[in-house]
Every structure is written in structure tokens, then in C-alpha cells.
Amino acid sequence: MIGALARATFSLLAGSSLLKKAASRYGLRRTGGIARRFVAGETVAEAIAAVRQLEARGLLATIDLLGESVTSSEQAVAAAREYVALIETAAAAGIASRSLSVKLTQIGLAVDRATAIDNLRRIVDAGVEPGFFVRVDMEGSAWTENTLDTVETLWSIGYRNVGVAIQAALRRSPADVERLNALGMSIRLVKGAYREPRGVAHRRREDVERAFAELMETLLVGGHRPAIATHDPRLIERTRQLADARGIARDAFEFELLYGIRRDLQHSLVRDGYQVRVYLPYGTEWYPYFMRRLGERPANVAFVLKSLVSEESVP
Ligand SMILES: Cc1cc2nc3c(=O)[nH]c(=O)nc-3n(C[C@H](O)[C@H](O)[C@H](O)COP(=O)(O)OP(=O)(O)OC[C@H]3O[C@@H](n4cnc5c(N)ncnc54)[C@H](O)[C@@H]3O)c2cc1C
């Protein structure tokens, strides 16, 4: 109940341009920046430096250039160009992590589907030669159908370095997973970060967890290099047990966690021989992402307030 309330509140705050303006002034300051815990920095150079630090500890990254809900095709094309430039810079830097995460409303899905397809194609195409995989994030349920259509269109053209996130909370997800598995596409399984209507999504925590566990099993057994993306220790343990019981190799799938969250868990999974990828966001448009992270765990608000008062960096 409190969780649902927090999610609803922070989803409202995420839309406030006044708060966004105020927060943007302080958010990524080196000292006391309230968003520093979750966001690697504002520039590509900061993102690549953070990737190197993760790689030095045996982790991999998927880099996300923050941004979403773009309403003009000029902004959408500009974002796609930034992604292409990111691929070039990251390849030249020689980092091992060859994975990007992209939101389709950042590259034109809210303008029209054709714009999103063109822009995603630019990014995916630029990734082929240097070996970058492009994971399309899943946004609110208003975008699910068009997101899947767009990704499947690229797949049907012949691109194989593209995959998508599927939200366990959505009632439609078992059917989507079955279809994408049959295609051979890699799926990232997440619980779902958006507040959704009851008819569309499970609302109760235990229902979401049950749906996640079922889809995790489907993906481990019949998926294609799936990413199990959660910080939930019970679901991680269930994944490990299932993989062991079925003799599934530890490098046949990966765990994915968010930058700055449960770093202890990230490292212990690496020590146990699992592939672990960290979702690493950077850029100036960090505010909605940051609000979703606060909504997931109200205790984060205390960290943020403390950092504002004490001017110390958030742990
Ligand atoms: C790699 C990755 C990619 C994702 N991509 C998408 C996507 O494309 N679309 C989408 O809708 N959602 C995405 N999400 C978010 C996801 O849907 C959940 O909202 C988020 O992961 C929190 O759920 P949980 O599975 O970690 O479990 P929870 O039960 O929420 O958390 C389990 C434990 O993890 C820790 N934890 C979780 N969240 C936080 C936090 N914000 N701050 C501090 N500690 C925390 C706490 O210790 C908590 O007890 C992604 C998540 C990950 C890890």
C-alpha cells in the first residue's frame, strides 16, 4: 500500500517542470549532488570513466543516455545522433561493455512510429560493426504495443543486435515472451517501474513476484541469453537455484542491476561466477529516472534529504 502510494506520488512529481528545474541545478554536482548515487554523470567521458571502474571489478555495463518523452522529430533525431556518437566514442575508448539501453520515446515514438523505427535503425545499424547490442527499455503501458512492433520490425529486417525489456507486472507479458522467444530475441525481464491501471497490470507485490518467477523460468529454459534484471534477493536466489537444477551454464544468462543500487549484491554475484551487467545512465535529463528510483524505495528520500542538508555525497 505504502509502496503503491510512493510510486504514485513520485510519478506525479516526475511530471513537475518546476521541481525539475530546481533539482537540475544541484542534482549532479560532484559534492552533494542528489542524483549522483544513481546517475554516472552528465557527459560521455564521465560515463566511460564509470564503465571502466565497473569493468575493473569484473562487471559489465549497458549505457543509457538519459532522455524520454520527446515530442519533436528534430529532438528525436538529435538523440539518435548522440547515441551513434556514443557508440563511436565508446568503441574508440576500447571498453569491453558493448551494450546500450534506449527508450523509444526519446527517439521519436511519441512523434510517430516511423520516426522511432528510422532512429532505432540508425543506432542499431551503427552498433553492428563494433559489436554493440541495443536493448530497448520498456516504458509505460501506453507504449508497449508500439515498442514491441518497432523492435520486431527491426528484427524482421534482419538486425540481430537488438532486444527488448519485458515487464513482469503486465498481464500481456507471458504472450509477448512466448512470441519473442520463438523469434530468438533476447529479453531483459524486469518487474516494471511504472504505475499502471489494474486491468493492465498486477498491482500486488506478491502477484508481480510470482509473474516474474514464472517468466524467469520460461526465459532460462527457452530464452536467448536473457537478462534477469532485479535487485530482489529472493528472485535472484530462485534464478540461481533453477539454473543449477537445470544445468544451465552461468554464462548462458546474465543478471542486470541498476547503477548505484545493491553494489554488494553486484559484487557477490561476480564472485560467484555470474555475468553481471550494470545499467549505467548518464546525461542531463536525469530527473524522471531519478524520481522513479525514489518511488521504488521511499528510504532513498531520506538519503537525498540528508545529502541536501549535510552537503555530503549520497551513499
Ligand atoms: C537493469 C535494469 C533495467 C531496468 N529496465 C527497466 C525497463 O526497461 N522498464 C521498466 O519498467 N523498469 C525497468 N527496470 C526497473 C524495474 O522495473 C524495477 O522497478 C526495479 O528494478 C525495482 O524492482 P526490483 O526488481 O529491484 O525489486 P524491489 O522489490 O523493488 O527491490 C528489491 C530490493 O532492491 C533494492 N532496491 C530496489 N530498488 C531500489 C532503489 N530504487 N533504490 C535503492 N534500493 C533499491 C532494495 O534493497 C529492495 O529491497 C529496470 C531494472 C533494472 C535492474
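In case you missed it, the structure is sitting above this.
Just so we're clear, the structure is a prediction, and the values are computed from it rather than from any experiment.

Draft legend 1. Seen up close, the sheet that holds strand S3 (residues 133–136). Taken in spatial order, the eight strands line up as S1-S2-S3-S4-S5-S6-S7-S8 and close into a barrel, and their pairing is parallel. Pairwise comparison of adjacent strand axes, ignoring direction, gives a mean angle of 25° for this sheet. Inspection of the sheet shows strand S1 (residues 60–65) paired to strand S8 (residues 276–282) by six bridges, in the parallel sense. Its bridge partner being in S8, Leu65 is matched across the sheet by Tyr282. Contacts from helix H6 (residues 144–157) reach S3 and strand S4 (162–167) within the one sheet, and its direction differs from that of S4 by about 155°.

Draft legend 2. Up close: the site of the ligand. In the vicinity of the ligand there are 26 residues, among which Gly192, Thr230, His231, Glu296 and Asn300 approach most closely. Take Lys191: an N or O atom from its side chain is 2.8 Å from an oxygen atom of the ligand. In this structure, an oxygen atom belonging to the ligand sits 2.9 Å away from a main-chain N or O atom of Ala193. Starting from 930 Å² of accessible surface for the ligand in isolation, the protein chains cover 90%. Where the shell around the ligand is concerned, the elements lending two or more residues are S4, strand S5 (187–190), strand S7 (254–258) and helix H11 (287–296). The element contributing the most residues to the shell around the ligand is S7, with three residues. Taken together, the residues of the shell around the ligand sort by class into ten nonpolar, five polar and eleven charged. Counting the residues that make up the shell around the ligand, at least three belong to each of domain 1 (1–38 + 286–315) and domain 2 (47–285).

Draft legend 3. Layout of the packing of helix H4 (residues 73–93) against helix H5 (residues 113–128). Viewed as axis vectors pointing N to C, H4 and H5 meet at an angle of 10°, and their least axial separation amounts to 9 Å. In terms of their interaxial angle, H4 and H5 are classed as roughly parallel. Here Ser73, Ala76, Val77, Ala80, Tyr83, Val84 and Ile87 of H4 come into contact with H5, specifically with Thr115, Asn119, Arg122, Ile123, Ala126 and Gly127. Its residues placed into classes, the contact of H4 with H5 shows eight nonpolar, four polar and one charged.

Draft legend 4. Highlighting unusual backbone geometry. At Ser69, a position not held by glycine, the phi torsion is positive, near 55°. Inspection of the secondary structure assignment puts Ser69 in the loop between S1 and H4. Despite not being glycine, Arg225 shows a phi value in the positive range, around 40°. Along the polypeptide, Arg225 turns up in the loop between helix H8 (205–222) and strand S6 (227–229).

Draft legend 5. Representation of the nonpolar core. Core analysis: the biggest nonpolar cluster contains 71 residues, and Ile63, Ile123, Val164 and Leu280 have the highest contact counts within it. For this core, the element with the highest residue contribution is H8, accounting for seven residues. Judged by nonpolar contacts, the second largest core, of 15 residues, contains Ile34, Ala35, Tyr289 and Met291.

Draft legend 6. Highlighting H6. The terminal C-alpha atoms of H6, which comprises 14 residues, lie 20 Å apart, in line with the 20 Å expected from a rise of 1.5 Å per residue. Of the residues making up H6, those classed as buried are Thr144, Thr147, Leu148, Thr150, Val151, Glu152, Leu154 and Trp155. On its buried face, H6 is in contact with H5, S3, S4 and helix H7 (173–183). A positive backbone phi angle near 125° is found at Gly158, which sits one or two residues after H6.

Quick notes on the rules
Residues numbered from 1 in each chain as written. Predicted model: local features only at pLDDT ≥ 70, side-chain atom pairs only at ≥ 80, totals over all residues. Heavy atoms only, no water. Pairing = 2+ DSSP bridges. Helix = DSSP H or I, 4+ residues; strand = E, 2+ residues; numbered from the N terminus. Axes fitted to C-alpha atoms, helices over the stretch in contact; angles between N-to-C directions. Contact = heavy atoms within 4.5 Å. Near = heavy atom within 4 Å. Polar contact = N/O pair within 3.5 Å; in protein donor to acceptor, adjacent residues only side chain to side chain. Areas by Shrake-Rupley, 256 points an atom, 1.4 Å probe, with all protein chains shown as cover. Nonpolar A, V, L, I, M, F, W, Y, C, P; charged D, E, K, R; others polar. Domains from an automatic or database assignment. Parallel < 35°, antiparallel > 145°, perpendicular 65-115°, else oblique. Core = buried A, V, L, I, M, F, W, Y, C linked by side-chain atoms within 4.5 Å. Buried < 20%, exposed > 50% of the residue type's maximum accessible area, 1.4 Å probe, protein only. Expected span 1.5 Å × (residues − 1).

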